[in-house]
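The lines below spell out each chain.
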Amino acid sequence: MQYMANEINTFKQPFFASFFSLSSHHPFKVPSKYEGVFPKGPLPVQEPIGYTDNALRQFFKTASSMSWYKNTLFVICADHATVSALPEYQTAANSYAIPIILYHPGGDLKGRSDKLAQQIDIMPTVLNYLNYDKPYFAFGFDALNPTKENFVVNNNSGIFNFYYKDYLLINDGIKIFPSTI
């Protein structure tokens, strides 16, 4: 991430940049010089999470000294959920729950929302936040729009989950399993 911060610093402003930072898949390795530095915890993924937290901390420490930092909207999003030691994330409703973080150091974003959102909502949310006024097509919703009720759909091995408000509908292609979240 230090490389990315320094590389971004060479870009002509304004710019769009994206990078995929790591994999949340087994074997959950960290660079050898960081082995044993971060707590392992009850799950093998927790040591790499500690490494990632540190890498993000160092990225933002470096980026905060650069001219583009306060004018940049950072979007941090997980690829997908992984294993969890917490029972509330071992359910059909929460097994794919991930954070989507919007951070604008020079902006007015504050707070937390438990509103339903998914990765396809990132583009319309960012474009609307940036007051982009040209037409565009998106499957997602503006997650910051308080008047819009979002819904979320995902598929796990042929099991479709449809989330709306406090409801979850699970369908395996044959049978429907309605539930509340």
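The model shown is predicted, which means the values in this text are computed figures rather than measured ones. (Residues numbered from 1 in each chain as written. Predicted model: local features only at pLDDT ≥ 70, side-chain atom pairs only at ≥ 80, totals over all residues. Heavy atoms only, no water.)

Asks: So what exactly am I meant to see when it comes to the pattern of salt bridges here?
Replies: Any two side chains of opposite charge can pair, on the condition that their charged atoms come close. Taken as a whole, this structure holds three salt bridges when the rule is applied. Arg112 serves as the salt-bridge partner of Asp114, at 3.2 Å between the closest nitrogen and oxygen. Across the pair Asp133 and Lys134 runs a salt bridge, and its minimum N-O distance is 3.4 Å. You can call Lys134 partly exposed: its relative accessible area is 49%. (Salt bridge = Lys/Arg side-chain N within 4 Å of Asp/Glu carboxyl O. Buried < 20%, exposed > 50% of the residue type's maximum accessible area, 1.4 Å probe, protein only.)

Asks: Before we go on, may I ask you to explain unusual backbone geometry in this structure?
Replies: For residues that are not glycine, phi is negative in most cases, and the peptide bond is trans in most cases. Residue Pro14 is reached from Gln13 by a cis peptide bond, and omega for that bond is -5°. Relative to the elements of secondary structure, Pro14 occurs in the loop between helix H1 (2-8) and helix H2 (46-63). Positive phi is not limited to glycine here, since Asn131 has a value of about 60°. On the secondary structure map, Asn131 appears in the loop between helix H3 (122-129) and strand E3 (151-156). Note on Asn131: relative accessible area 64%, which makes it exposed. A positive phi angle, close to 55°, is found at Ser157, a residue other than glycine. For Ser157, the location among the structural elements is in the loop between E3 and strand E4 (159-164). (Helix = DSSP H or I, 4+ residues; strand = E, 2+ residues; numbered from the N terminus.)

Asks: Sorry if this is basic, but what is going on with the environment of Tyr136 here?
Replies: Among the secondary structure elements, Tyr136 is positioned in the loop between H3 and E3. On the accessibility criterion, Tyr136 (33% relative accessible area) is partly exposed. For the pair Tyr136 and Met123, spaced 13 residues apart in the sequence, the C-alpha separation amounts to 9.9 Å. Not counting chain neighbours up to four residues away, the residues in contact with Tyr136 comprise Met123, Pro124, Leu127 and Asn128. Side chain to side chain, Tyr136 and Asn128 meet in a polar contact 3.2 Å long. (Contact = heavy atoms within 4.5 Å. Polar contact = N/O pair within 3.5 Å; in protein donor to acceptor, adjacent residues only side chain to side chain.)

Asks: What is the right way to read the nonpolar core from this model?
Replies: Generally speaking, nonpolar side chains in soluble globular proteins are found buried as a group. The biggest cluster of nonpolar side chains holds 10 residues, and these are Met4, Ala5, Ile8, Phe59, Phe60, Ala63, Met66, Trp68, Tyr69 and Phe74. Sorting the residues of this core by element identifies H1 and H2 as the ones contributing at least two each. Not counting residues within four places of it along the chain, the set of residues in contact with Phe59 comprises Met1, Gln2, Met4, Ala5 and Phe74. The next biggest cluster of nonpolar side chains, apart from the first, holds five residues, and it includes Ala93, Val152, Leu168 and Ile170. (Core = buried A, V, L, I, M, F, W, Y, C linked by side-chain atoms within 4.5 Å.)

Asks: Is there a simple way to think about the environment of Pro44 in this case?
Replies: Its place among the elements puts Pro44 in the loop between H1 and H2. Note on Pro44: relative accessible area 54%, which makes it exposed. The spacing of Pro44 and Asn156 is 112 residues in sequence and 22 Å in space, taken between C-alpha atoms.

Asks: Mind showing me how you'd approach the packing of aromatic side chains here?
Replies: In this description, a pair of aromatic rings is defined by centroid distance and the angle of the planes. Scanning the model with the defined rule gives 18 aromatic pairs in all. Aromatic ring contacts, followed pair by pair, group Phe11, Phe15, Phe19, Phe59, Phe60, Trp68, Tyr69, Phe74 and Tyr103 into a single cluster. (Phe/Tyr/Trp six-rings, centres within 6.5 Å; stacked < 30°, edge-to-face > 60°.)

Asks: How should I be thinking about H2 in this particular structure?
Replies: Helical geometry note: an α-helix holds 3.6 residues per turn, so side chains three or four residues apart project in the same direction. Helix length check: H2, at 18 residues, gives a terminal C-alpha distance of 25 Å against a target of 26 Å (1.5 Å per residue), a fit within 8%. All of the buried residues in H2 are Glu47, Pro48, Gly50, Thr52, Asn54, Ala55, Phe59, Phe60, Thr62 and Ala63. Here the buried face of H2 lies against H1, strand E1 (74-77) and strand E2 (100-103). (Expected span 1.5 Å × (residues − 1).)

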